[in-house]
Amino acid sequence: MPKTVRLLVGTKKGLFQMQSDADRKKWTVLEGPYGAPAPIHHASYDPRDGSMYAAINSTWGGSRIEYSRDMGKTWTASKNPAFPAGSDRTFYQTWHIEPGHAKTPNVVWAGTEPAALWKSEDRGETWSLNTALDEQPSRAKWVPGFGGMGLHSIAIDAADPKFMQVGISVGGVYTSKDGGASWVQDNAQVGQPKAADAKDERPDVFGCIHKLLAHPRFPGVRFMRVHLEVYWRDPGETNWTYRTEGLPTHFGFAAAIHPKDPKTAWCIPLHDLKRTAVDPGIGVYKTTDRAATWIRNDAGLPKNAPLESLREGMDNDDFDEVGVYFGTANGDVYASRDEGKSWDRIAQYLPYVTSVHAATLA
Amino acid sequence: MRRGHVRVLLHGAWRAFAGGAKEVPLDAADLREALVALTVAHPSLAERLRDEHGKLRPHLALFVNEEDARLLGWEDAKLKDGDVVHVIPALSGG
């Protein structure tokens, strides 16, 4: 029975940790800003062993991944991800750290810029390059998005740790069914609009992936945001199905998937050029029918506020009535205790929030 | 090649990367050797000073006494007994 929620809030000036008991009404900042002034692109909690991981993308001393074995009180730097000798690439920064499947207890994955996938088999102490992805001939087609060229989504199937996808900006989706030993491009979609230039065929590396999530309990369920598109995939499907009805825009980054319901998810749409919420301001859109339709929820959110939430800016807890959380570029963190119907601001005046990760603790 | 006995002073973030060490005495003929010896004394500095290809990271300022090491040949800057090497987080950006 969960008793506590710990939020790992990454900002452009360090990592904050907030905690609440099960009612999730009163929040206390326990730690932070750790690592300031370095930006924390992402931080995550590993429910398998209680480790925490932080992507500290520092100007001084270069970027690094750190891990904590004592709930964020002390941190240790990993041995850096390192491109092999002779490579023309240099590890620049970490975009995402994903604890592995419960069946692979020491495995942790990381996505970086330049876009690459890294695997740790020692709980984040060292990292090795996934060469099968790196040697994909189609890698030559990857290009930087607005924020750089990074691998940011690592979606591991609920049942099979060898079945996983990665999402790359801008490089599309790759799927592995053998734990990363081999990869295939996985960009076939149905129902999407034609490209702006109206060519009949889209390239095999399609638009910029913004966020790809695997359902944590239902095998095969995926939810994905692409630059101007939103997709759902059900078990056994090999296409991405375009699902946007009810969304005011199809652009955005922040997304979460209900941990117990295979049909429910949340996202925050943004204006595709301004990258802030469109009229009537920030809202969280929820689907309960596998993204077929989306309903706006904004009770408790500021009216007409053109806020922004980033790629790692949204997450959920694992309570029976799921809590959903998101951070904004102006330093707010919002929480919903009723699965997204209503919201409370639980932090403000933080630095620019880059990531929110919810750890559900017993 | 004669090695000078020098003091390396760590400032700001570099001190934190070395677990709080302020000063490291070592023997080195030039700055390159000094940085090698520094990472032997404090291995945690190795990846903070250089990337995986051995290139010194940006936003790192090195001074020998009161001179910017860039004006002294950078890593080839010669060191002699009594020199003080400063490792400083470069102030840059906005």
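Here is what the cut-offs are and how they apply
- Residues numbered from 1 in each chain as written.
- Chains lettered and ligands numbered in written order.
- Predicted model: local features only at pLDDT ≥ 70, side-chain atom pairs only at ≥ 80, totals over all residues.
- Helix = DSSP H or I, 4+ residues; strand = E, 2+ residues; numbered from the N terminus.
- Buried ≥ 20, exposed ≤ 12 C-beta atoms within 10 Å, placed from the backbone.
- Rg over C-alpha atoms; globule rule 2.2 N^0.38 Å.
- Contact = placed C-beta atoms within 7 Å.
- Core = buried A, V, L, I, M, F, W, Y, C linked by C-beta atoms within 7 Å.
- Nonpolar A, V, L, I, M, F, W, Y, C, P; charged D, E, K, R; others polar.
- Arc of directions from axis to C-beta.
- Pairing = 2+ DSSP bridges.
- pLDDT = per-residue confidence, 0-100.

Undergrad: What is the right way to read the overall build of chain B from this model?
TA: The secondary structure content of chain B amounts to three helices and five strands. Listed N to C, the secondary structure of chain B is β-α-β-α-α-β-β-β in terms of helices and strands. Viewed in the frame of its principal axes, chain B has a C-alpha envelope of about 40 × 25 × 25 Å. The proportion of buried residues among the 94 residues of chain B is 31%.

Undergrad: Could you clarify how one ought to interpret the overall build of chain A in this entry?
TA: Each helix and strand counted, chain A has one helix and 29 strands in total. Relative to a compact globule of 362 residues, whose C-alpha radius of gyration would be 21 Å, chain A shows 19 Å and is just as compact. For chain A, the spread of C-alpha atoms along the principal axes amounts to about 50 × 45 × 35 Å. Residues counted as buried form 52% of the 362 residues belonging to chain A. The contacts of chain A with a sequence gap of at least 6 include a subset with a gap of at least 24, amounting to 50%.

Undergrad: Hey, could you run me through the nonpolar core in this one?
TA: Considering soluble globular proteins, one finds that nonpolar side chains tend to be buried as a cluster. Judged by nonpolar contacts, the single largest core of 90 residues is most densely connected at Leu7(A), Val9(A), Trp266(A), Met314(A), Tyr325(A) and Val333(A). Counting residues per element, this core draws most heavily on strand β21 (residues 251–257) of chain A, at six residues. Those residues in contact with Trp266(A), other than ones at most four positions away along the chain, are Ala255(A), Ala256(A), Val284(A), Tyr285(A), Lys286(A), Met314(A), Val324(A) and Gly340(A). Core analysis: the next-biggest nonpolar cluster, separate from the first, contains 26 residues, Leu10(B), Leu35(B), Leu45(B) and Val87(B) among them.

Undergrad: Honestly, the interface of chain B and chain A in this entry has me stumped. Any pointers?
TA: When the parts of a complex come together, some accessible area is lost, and that lost area is often used as the size of the interface. Between chain B and chain A, the contact holds twelve residues from the first and ten residues from the second. For the side of chain B that touches chain A, the secondary-structure elements that each account for two or more residues are α1 (13–17) and α3 (46–49) of chain B. A per-class count over the side of chain B that touches chain A returns three nonpolar, four polar and five charged.

Undergrad: Please explain helix α2 (residues 31–41) of chain B as it appears in this structure.
TA: An α-helical turn contains 3.6 residues, so any two residues separated by three or four positions project in the same direction. All names here are of chain B. Of the positions making up α2, those classed as buried are Leu31, Ala34, Leu35 and Leu38. Angular distribution of buried residues about the axis of α2 spans 100 degrees; they occupy a single face of the element. Taken together, the buried residues of α2 touch β1 (4–10), β2 (23–28), α3, β3 (60–64) and β5 (84–89).

Undergrad: Looking at this structure, I do not really get the sheet that holds strand β17 (residues 209–214) of chain A. What am I missing?
TA: Backbone hydrogen bonds hold the strands of a sheet together, and the pairing may be parallel or antiparallel. All names here are of chain A. The five strands lie next to each other as β16-β20-β19-β18-β17, forming an open sheet whose pairing is mixed. This sheet does not close on itself; its edge strands, each paired only once, are β16 (189–190) and β17. As judged from the two bridges shared by strand β19 (residues 229–233) and strand β20 (residues 240–242), these two strands associate in the antiparallel manner. For Trp232, the partnering residue across the bridge sits in β20 and is Thr241.

Undergrad: Explanation requested: the environment of Lys26(A) in the structure shown.
TA: All names here are of chain A. Here Lys26 is to be found in the loop between β2 (14–21) and β3 (28–34). The class of Lys26 is exposed, set by 9 C-beta atoms lying within 10 Å. Along the chain, Lys26 and Asn239 lie 213 residues apart, while their C-alpha atoms are 43 Å from each other.

Undergrad: Please clarify how the sheet that holds strand β11 (residues 128–129) of chain A should be interpreted in this entry.
TA: Residue and element names in this part refer to chain A. If you walk across this open sheet you meet the four strands as β8-β9-β10-β11, and the pairing is antiparallel. Only two strands of the sheet have a single neighbouring strand rather than two, namely β8 (93–99) and β11. With five bridges connecting them, strand β9 (residues 108–113) and strand β10 (residues 116–120) associate as antiparallel partners. In the sheet register, Gly111 faces β10, and the bridge partner there is Leu117.

Undergrad: Looking at this structure, I do not really get unusual backbone geometry. What am I missing?
TA: Leaving glycine out, the prevailing phi sign among residues is negative, and the prevailing peptide bond configuration is trans. Residues and elements named next belong to chain A. In this structure, Val170 follows Ser169 across a cis peptide bond, with omega equal to -5 degrees. Mapped onto the secondary structure, Val170 falls in the loop between β13 (164–169) and β14 (172–176). In this structure, Pro280 follows Asp279 across a cis peptide bond, with omega equal to 5 degrees. Assignment of secondary structure puts Pro280 in the loop between β22 (265–270) and β23 (284–287). In this structure, Arg290 is a non-glycine residue whose phi angle is positive, near 60 degrees. In this fold, Arg290 is placed in the loop between β23 and β24 (295–297). Given 18 C-beta atoms within 10 Å, Arg290 falls into the partly exposed group. The backbone of Tyr349 sits at a positive phi, close to 65 degrees, despite the residue not being glycine.

Undergrad: Sorry if this is basic, but what is going on with the pairing of strand β26 (residues 324–327) of chain A here?
TA: Regular strands place side chains that alternate from one sheet face to the opposite one. All names here are of chain A. Burial of β26 is two-sided: the residues Val324 and Phe326 facing one way and the residues Tyr325 and Gly327 facing the other way are all buried. Bridge count between strand β25 (residues 314–316) and β26: three bridges; the pairing is antiparallel. Within β26, the residue paired with Asp315 across the bridge is Tyr325. Sheet topology note: the β26/strand β27 (residues 333–336) ladder contains four bridges and is antiparallel. Among the inter-strand pairings, Tyr325 is bridged to a residue of β27, identified as Ala335. Linking β26 to β27, which pair antiparallel, is a turn of five residues; within it Gly331 sits at a positive phi near 90 degrees.

Undergrad: What is the right way to read the pairing of β10(A) from this model?
TA: All names here are of chain A. Most of β10 sits inside the fold, with four of its five residues counted as buried. Hairpin connection between β9 and β10: a loop of two residues separates the two successive antiparallel strands. As paired elements, β10 and β11 share two bridges and run antiparallel to each other. Within β11, the position partnered with Lys119 by the bridge is Ser128.

Undergrad: Looking at this structure, how should I read the environment of Ile40(A)?
TA: With respect to the element layout, Ile40(A) can be found in strand β4 (residues 40–45). Contact partners of Ile40(A), with chain neighbours within four places excluded, come to Gly10(A), Thr11(A), Gly14(A), Leu15(A), Gly35(A), Ala54(A), Ala55(A), Ile56(A), Thr354(A) and Ser355(A).

Undergrad: How should I be thinking about the confidence of the model for chain B in this particular structure?
TA: The predicted coordinates should not be examined in detail at positions where pLDDT is low. In this model, chain B carries a mean pLDDT of 95, and residues with pLDDT of at least 70 account for 97%. For this predicted complex, the interface confidence score (ipTM) comes to 0.93, while the overall pTM stands at 0.96.

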